[in-house]
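Tertiary structure, described
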Amino acid sequence: MHYRKLGNTNLEISEISLGLMGMGSQQWREWVLEKNESFAILSRAKEMGVNFFDTSNFYSLGESETLLGDYFNEAGCRDKIVIATKFGNRRNTDPNMGGYSKKHIISAVEGSLRRLRTDYIDLLQTHIWEPDSNIEEVLEAFEMLKAQGKIIYAGFTNVPMWQLALAERNDASQKTSRWDSVQVEYNYLRADSEDNLMPFCKAIGKGVLAYGPIARGYLAGSTETRTTNRALTDEYLHQWYVSKEDERRRKIIISLAKEYNWSAAQLSLAWALGNRDISSVLVGVANPDQLIDLLAIEPDKYEGIRDLIASEK
C-alpha cells in the first residue's frame with residue numbers, strides 16, 4: 001500500500017481507503033453486510049495496509065459507526081488507523097435533528113464518539129449539503145470541536161464550489177484554517193471536479209477524497225446480468241448512470257479490461273488513482289476477494305492505465 005498526504009496536512013492516509021456505506025445492518029438496505037462479513041473485510045483491509053476508513057452516522061442509522069468502533073477496539077489498533085465520519089443527513093422530521101446548526105453538529109459528534117468508542121474523530125465531514133446552510137456556522141463548530149480535541153481534521157462533502165470559496169475567504173480574513181478536505185464523486189463518468197474544484201483545492205492546500213470510482217458497480221462489468229442485491233435495488237445506481245455517453249464509456253472500460261486481462265473494477269480504480277491531486281480513493285466491497293482484486297494493480301501503472309483509457313475516447 002502507498003500513502004498520500006491529506007492536502008497540506010502531515011496526515012498520511014492510504015491512497016485506497018475503505019468506505020463503510022455497505023456495512024452495518026440489512027434493516028437499512030438489504031445489500032448491506034452485517035458484522036461477520038464486515039469484520040472479514042476490515043481484517044483484510046488492515047492486513048493489506050489500508051489505514052483510512054470512511055463512515056457516516058447516517059449509514060445504517062449509526063450501525064456502521066458502531067461496527068467500525070467495535071472492530072478496531074477488539075483489534076486494539078485505534079492509534080494506527082484514521083477514522084472519518086460524516087453528519088448532517090436528516091433522519092426524522094425534527095428540525096434540529098439534522099442539517100448544519102451548531103446544535104446539531106455538537107449532538108452528532110457526541111453520538112458518533114459513543115458509537116465509534118473513541119475519544120476523538122480523525123476527520124469529521126459534512127454529508128449531503130443543504131444549500132441554504134450558513135457555512136460560517138459550520139466552520140465555527142469545526143473550530144470549537146478541534147479546540148476541544150474531539151476532532152482533528154474537518155472537511156466537506158459535495159459542497160458547491162462557491163461555498164468552498166466563501167469558506168476559504170472567511171478563513172483567510174481571520175488568518176486561520178478551519179477545514180482540511182473535500183469529498184466528491186469522481187470516476188471515468190463523472191470527472192467535472194477536475195475543471196475547477198480540484199485545481200482550487202490544490203492551490204489552497206486542501207485534500208480531495210474521491211468516492212464512487214466504480215460508479216456503484218456500474219463500471220465493474222455488464223449491467224445486463226445484474227445479480228447482486230445492490231445492483232437490483234440501489235435506486236441511485238439506476239438514476240445516475242443512464243445516459244448513452246455513460247454506456248459508451250462503460251463499454252470502453254470493459255473492452256480494455258478484456259484486452260489486457262484486468263478486471264473492469266481495477267481499471268476504473270486505477271483511472272481515479274492516476275490523478276495525483278487526489279489524497280485517497282474510497283472503495284466499497286462486498287467481500288475480501290474484491291478488495292484483493294482492487295489492490296492488485298501496482299501504483300506505477302496508474303498513469304499508464306489512465307492514458308490508455310483516454311486514448312480510447
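The coordinates are above.
The following refers to the structure shown. Keep in mind that this is a model prediction, so the values were computed, not measured.

**A short note on the packing of aromatic side chains**
One pass over the full model with this rule turns up 14 aromatic pairs. Aromatic pair W28 and F58: ring centres 5.7 Å apart, planes at 90°, arrangement edge-to-face. Residue W28 is found in the loop between β3 (16-19) and α1 (35-47), and its partner F58 is found in the loop between β4 (52-54) and α2 (63-75); the two are separated by 30 residues along the sequence. With a centroid separation of 6.5 Å and 90° between ring planes, the pair formed by F87 and F142 is classed as edge-to-face. Taken together, the residues span a long stretch of sequence, with F87 in strand β5 (residues 82-87) and F142 in helix α4 (residues 135-147) at a distance of 55 residues. Accessibility expressed as a relative area gives 1% for F87, which makes it buried. Of note, K206 hangs over the ring of W179, and the distance from its end group to the ring centre comes to 4.8 Å.

**Remarks on the packing of helix α3 (residues 102-116) against α4**
Packing of α3 against α4 leaves a shortest axis separation of 9 Å and a crossing angle of 40°. The orientation of α3 relative to α4 falls into the category oblique. In terms of crossing hand, the pair formed by α3 and α4 is right-handed. Residues K102, I105, I106 and V109 of α3 form the contact with α4, whose own contacting residues are E137, V138, E140, A141, M144 and L145. By residue class, the composition of the contact of α3 with α4 is 7 nonpolar, no polar and 3 charged.

**What to know about the pattern of salt bridges**
Inspection of every chain in the model, using the stated rule, returns 21 salt bridges. The partner of K206 in a salt bridge is E168, and the shortest N-O contact between them spans 4.0 Å. Placement of K206 in the loop between α6 (197-204) and β9 (207-211) and of E168 in helix α5 (residues 161-173) is noted, with a sequence separation of 38 residues between them. With a closest N to O distance of 2.5 Å, E194 and R306 form a salt bridge. In this pair, E194 is assigned in the loop between β8 (181-185) and α6 and R306 in helix α12 (residues 302-310), connecting sequence segments 112 residues apart. Connected through shared salt-bridge partners, R4, E15, R276 and E303 make up one network.

**Side note on the sheet that holds strand β10 (residues 280-283)**
Spatially, the 8 strands close up into a barrel ordered β3-β4-β5-β6-β7-β8-β9-β10, and their pairing is parallel. Geometrically, the sheet is characterised by an average inter-axis angle of 30° between neighbouring strands, direction not taken into account. Taken together, the 3 bridges between β3 and β10 define a ladder with parallel strand orientation. Across the sheet, I16 pairs through a bridge with V281, a residue of β10.

Conventions adopted
Residues numbered from 1 in each chain as written. Predicted model: local features only at pLDDT ≥ 70, side-chain atom pairs only at ≥ 80, totals over all residues. Heavy atoms only, no water. Phe/Tyr/Trp six-rings, centres within 6.5 Å; stacked < 30°, edge-to-face > 60°. Helix = DSSP H or I, 4+ residues; strand = E, 2+ residues; numbered from the N terminus. Buried < 20%, exposed > 50% of the residue type's maximum accessible area, 1.4 Å probe, protein only. Lys NZ or Arg CZ within 6 Å of the ring centre and 35° of its normal. Axes fitted to C-alpha atoms, helices over the stretch in contact; angles between N-to-C directions. Parallel < 35°, antiparallel > 145°, perpendicular 65-115°, else oblique. Left-handed = near helix turned anticlockwise from the far one by under 90°. Contact = heavy atoms within 4.5 Å. Nonpolar A, V, L, I, M, F, W, Y, C, P; charged D, E, K, R; others polar. Salt bridge = Lys/Arg side-chain N within 4 Å of Asp/Glu carboxyl O. Pairing = 2+ DSSP bridges.

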